[in-house]
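# Notes for the structure review
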Amino acid sequence: MIRFTQTSKRYEGGYDALSNISFHIEPGEMAFVTGHSGAGKSTLLKLIALLERPTRGQVLVNGQNLSRIKRRQIPYFRRNIGIIFQDHQLLFDRTVFDNVALPLIIAGYTRAEIGRRVRAALDKVGLLGKEKKYPITLSGGEQQRVGIARAVVHKPLLLLADEPTGNLDPDLSREIMHIFREFSQVGVTVLVASHDLELIREMQTRQIILHQGQLADDGSGVEYGQ
Amino acid sequence: MVNEATSRRNREGASSTGRPGLLTLINSYFVRHAQTLFYSLGQLLRAPFSMLMTAAVIGIALALPAGMHQLLQNAQLLSGKLDDATQISLFLKKAVTEQQARELTHKLGNMPEIGRVRLITREQALEEFKQNAGFGDALRALDENPLPHVIVINPALQHTDAAAGRKLLERLQGMIQVDAAQLDVEWIKRLYAILEIIKRGVWILAALLGMAVLLVVGNTIRLAIQNRRDEIVVIKLIGGTDAFIRRPFLYTGFWYGLFGALIAFTLVNIALYLLSDPVRQLGELYHNPVSLTRMNLETSAYLLGAGILLGLGGSWLAVGRHLRDIEPR
């Protein structure tokens, strides 16, 4: 589903965010990207979502070579991905329903279909009944779950999450991670960037560990724990 | 990979109907346009005061050239009536009797260069003077009528140009019964020249103010884009195309243009209403019933069209310049 081949990213000014990274994530797999802040976790996710382009090497997502995707085609590519952010990136002047419906409106679904799917997505994250509320009235954990509902409402093949539990207490973080696991169990590929090592160890999932832009380790959580 | 994806979706079961079909897409395209149109109107009406301020600036900028154009059209209508007044007045000698004057009038009427002739006898002229000019008493003090017979001649249409007019004038002046002949054409030509200058001026003014409207709308939309920066970033992140992001801003420009044009339309008609009374009074002084014409359907349509186009154009400029700068990081 995701394949990095000797991929490097150097930012202007000569800073190497990623150097010579290669790995492969199977469809339906769930994996963590870990490492200290500044290790290149966010850059790695940005390369997959085409928020950045690699300086060298290539990135394949769902069989597509991203270097062949032109600027105009990026929106259509991103519709296959669900992205979750640490700061939720919700629109605070719209209701929960309207926030979650946004990807469907963009893709041109009918009204009835939008209503059905939004309610299904909200049900999955346990927020059914809060659809008319505004995000500002929700707790941090609830806001993050709205962000997750928005990321999965159009049934993407791939789910990317950048520090999704950064601002949440351990219980809520665990809850969020279990939601991700459920998605991976129905076939969605899930890639989570996080430095919450304790929680990651608990999840016993594959970890791609970055250290100063290089691949330090790539293995199962069990191995890592030992 | 594609097959994998499809089979995976099939595994997910009947609940997934997949992506919307082509017909749905076409249908929802129009629905979405209509929704965006009214959504952007709703957004504007949330802050009606600031919306009205901007629309009023646009309205005033459009009202100036539109109003001047309307006044100019009235002036042209008026000068069209004056065109008819390209006429020669023949003042006959004192010795000419009324009978002779009538014969001469008849004779002149048959000349091919002459369109219409009208005799004003000295008695008629005196009556008119007494009634209108206000110095009836002074005239009554006179022993005899000091006025001559006058024949008013309108040259035939093909002889209205200056050269032909002068030639006809010379011929008439040579006639034995004629004391003096007077051609009133020069000042009309000057009036036309002045009107032409004003017309050009109105166009220049319209172009300048049109640019001002473009900039006002452009700047307003630029601020709107900045205010909704976060929203644009989010929409770009979840796969919104540039067209999708552009649309509400373009429609906002459309509404500004439309409301501006409507305000301009109202302002011009109020101005015409305020001017109509004095103009009517002026016309009465000249024995010439004139009234200001209101904006006709065509002019109004042009005004609305110009407002909408300028609104769309201004927002297009702003959107083109500033949307590209906003990219998710």
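Residues numbered from 1 in each chain as written. Chains lettered and ligands numbered in written order. Predicted model: local features only at pLDDT ≥ 70, side-chain atom pairs only at ≥ 80, totals over all residues.

### Observations regarding the overall build of chain A
How we decide: For helices the rule is a DSSP run of H or I covering at least 4 residues; for strands it is a run of E covering at least 2, with both sets numbered from the N terminus onward. For the radius of gyration, the atom set is restricted to C-alpha positions; the globular benchmark scales as 2.2 Å times the number of residues to the power 0.38. Any residue pair is listed as a contact if its two C-beta atoms, each placed from the backbone, are within 7 Å.
A tally of helices and strands in chain A yields eight helices and ten strands. Against the compact-globule benchmark of 17 Å for 226 residues, chain A has a radius of gyration of 17 Å, which places it among compact chains. For the C-alpha atoms alone, the extent of chain A along its principal axes is close to 45 × 45 × 35 Å. Looking at chain A alone, contacts between residues at least 24 apart form 69% of all its contacts between residues at least 6 apart.

### As for the overall build of chain B
Here is the rule: Comment: burial labels come from other C-beta atoms within 10 Å of the residue's own C-beta, placed from the backbone, where a count of 20 or more is buried, 12 or fewer is exposed, and between is partly exposed.
From N to C terminus, chain B includes eleven helices and four strands. The buried share among the 329 residues of chain B stands at 23%. Considering only intrachain contacts with a sequence separation of at least 6, the fraction spanning at least 24 residues in chain B is 82%.

### Let's talk about the sheet that holds strand β4 (residues 178–183) of chain B
All names here are of chain B. As a reminder of what qualifies: Strand pairing is defined by DSSP finding a minimum of two bridges between the two strands. Axis angles are defined between N-to-C directions and span 0 to 180 degrees, where every axis is a line fitted to C-alpha atoms and, for a helix, only to the segment in contact.
Taken together, four strands build an open sheet; the order of strands is β2-β3-β1-β4 and the sheet is antiparallel. In this open sheet, the two strands that pair with only one neighbour each are β2 (114–120) and β4. Each adjacent strand pair in this sheet contributes to an overall mean axis angle of 20°, direction not counted. Relative to strand β3 (residues 150–155), β2 runs antiparallel, the two sharing six bridges. Note that in β3 the partner of L119 across the bridge is I151. Each of β1 (88–92), β2 and β3 touches helix α4 (residues 98–109); the most contacted strand, β2, lies at about 170° to it.

### Points about helix α1 (residues 41–48) of chain A
Burial analysis of α1(A) places seven of its eight residues in the buried class, the great majority of the element. Immediately downstream of α1(A), the backbone of A:L50 shows phi near 60°, a positive value.

### Some words on the sheet that holds strand β9 (residues 206–211) of chain A
Residue and element names in this part refer to chain A. In spatial order, the strands read β6-β7-β8-β3-β9-β10; together these six strands make up an open sheet with mixed pairing. This sheet does not close on itself; its edge strands, each paired only once, are β6 (81–84) and β10 (214–219). Each strand axis lies, on average, 15° off the axis of its neighbour in the sheet, ignoring direction. Both β6 and strand β7 (residues 158–162) contribute to a ladder of four bridges, which runs parallel. Looking across to β7, one finds that I84 is bridged to A161. Contacting β3 (30–34), β7 and β8 (189–193), helix α6 (residues 170–185) runs over the sheet at an angle of about 150° to β8.

### Topic: the interface of chain B and chain A
Under the convention used in this document: Each residue receives one of three labels: charged for Asp, Glu, Lys and Arg, nonpolar for Ala, Val, Leu, Ile, Met, Phe, Trp, Tyr, Cys and Pro, and polar for the others, Gly being one of them.
Taken together, the contact pairs 25 residues of chain B with 22 residues of chain A. Every element with two or more residues in the side of chain B that touches chain A is listed here: α1 (2–12), α2 (22–46) and α9 (229–237) of chain B. In terms of residue count, α1(B) provides more of the side of chain B that touches chain A than any other element does, six residues in total. Across the side of chain B that touches chain A, the residue classes tally to twelve nonpolar, six polar and seven charged.

### Re the packing of helix α10 (residues 242–285) of chain B against helix α11 (residues 297–322) of chain B
Residues and elements named next belong to chain B. Quick note on the threshold: Put simply, a crossing is left-handed when the front helix is turned counterclockwise from the back one by less than a right angle, and right-handed when it is turned clockwise.
As a packed pair, α10 and α11 sit with axes 7 Å apart at the nearest point and diverge in direction by 145°. As α10 packs across α11, the resulting crossing turns out to be right-handed. When grouped by side-chain class, the residues that make up the contact of α10 with α11 number 17 nonpolar, nine polar and one charged.

### Description of the pairing of strand β2 (residues 15–25) of chain A
When strand β1 (residues 2–11) of chain A meets β2(A), the two strands line up antiparallel, connected through seven bridges. For A:K9, the partnering residue across the bridge sits in β2(A) and is A:L18.

### A word on the domain arrangement of chain B
To keep it simple, the criterion reads: The domain boundaries here were taken from an automatic or database domain assignment.
By domain assignment, chain B separates into domain 1 (34–81 + 190–322) and domain 2 (86–183). On a C-alpha basis, the centroid separation for the pair domain 1 of chain B and domain 2 of chain B is 51 Å.

### Considerations on the confidence of the model for chain B
All names here are of chain B. This is how the line gets drawn: How sure the predictor is of each residue is captured by pLDDT, a score from 0 to 100.
Considering every residue of chain B, the mean pLDDT works out to 82; 86% of them sit at 70 or more. Least confident of the elements in chain B is α1, whose mean pLDDT is 40; most confident is α11, at 93. Below a pLDDT of 50 lies the segment residues 1–17, which in the model reaches 13 contacts outside its immediate sequence neighbourhood of four places, other chains included. Among the scores for the predicted complex, ipTM is 0.87 and pTM is 0.71.

### Some words on the packing of helix α3 (residues 96–107) of chain A against helix α4 (residues 111–124) of chain A
Residue and element names in this part refer to chain A. Selection criterion: An angle below 35 degrees is treated as roughly parallel, one above 145 as roughly antiparallel, one from 65 to 115 as roughly perpendicular, and anything else as oblique.
Packing of α3 against α4 brings their axes to within 9 Å, and their N-to-C directions diverge by 125°. By the angle class used here, α3 and α4 are oblique. When you trace α3 past α4, the crossing you get is right-handed. Facing F97, V100, A101, L104 and I105 of α3, the residues of α4 in contact are I114, R117, V118, A121 and L122.

### With respect to unusual backbone geometry
Residues and elements named next belong to chain A. We note that Q89 has phi near 50°; this positive angle belongs to a residue other than glycine. Topologically, Q89 is positioned in the loop between β6 and α3. On the neighbour-count criterion, Q89 (19 C-beta atoms within 10 Å) is partly exposed.

### Description of the environment of B:Q70
Residues and elements named next belong to chain B. If you trace the backbone, Q70 turns up in helix α3 (residues 48–83). Measuring from C-alpha to C-alpha, the distance between Q70 and Q100 comes to 48 Å, with 30 residues separating the pair along the chain. Apart from the residues within four sequence positions on either side, Q70 is in contact with V268, L272, M295 and T299.

### Thoughts on the pairing of β9(A)
In the case of a regular strand, side chains alternate between the two sheet surfaces. All names here are of chain A. In terms of burial, β9 is largely enclosed, as five of its six residues are buried. Of the pairings in the sheet, the one linking β3 to β9 comprises four bridges and is parallel in character. Its bridge partner being in β9, F32 is matched across the sheet by Q207. Sheet topology places β9 next to β10; five bridges connect them, and they run antiparallel. Bridge pairing links L210 to L215 in β10. Between β9 and β10, which pair antiparallel in sequence order, lie two residues; one of them, Q212, sits at a positive phi of approximately 50°.

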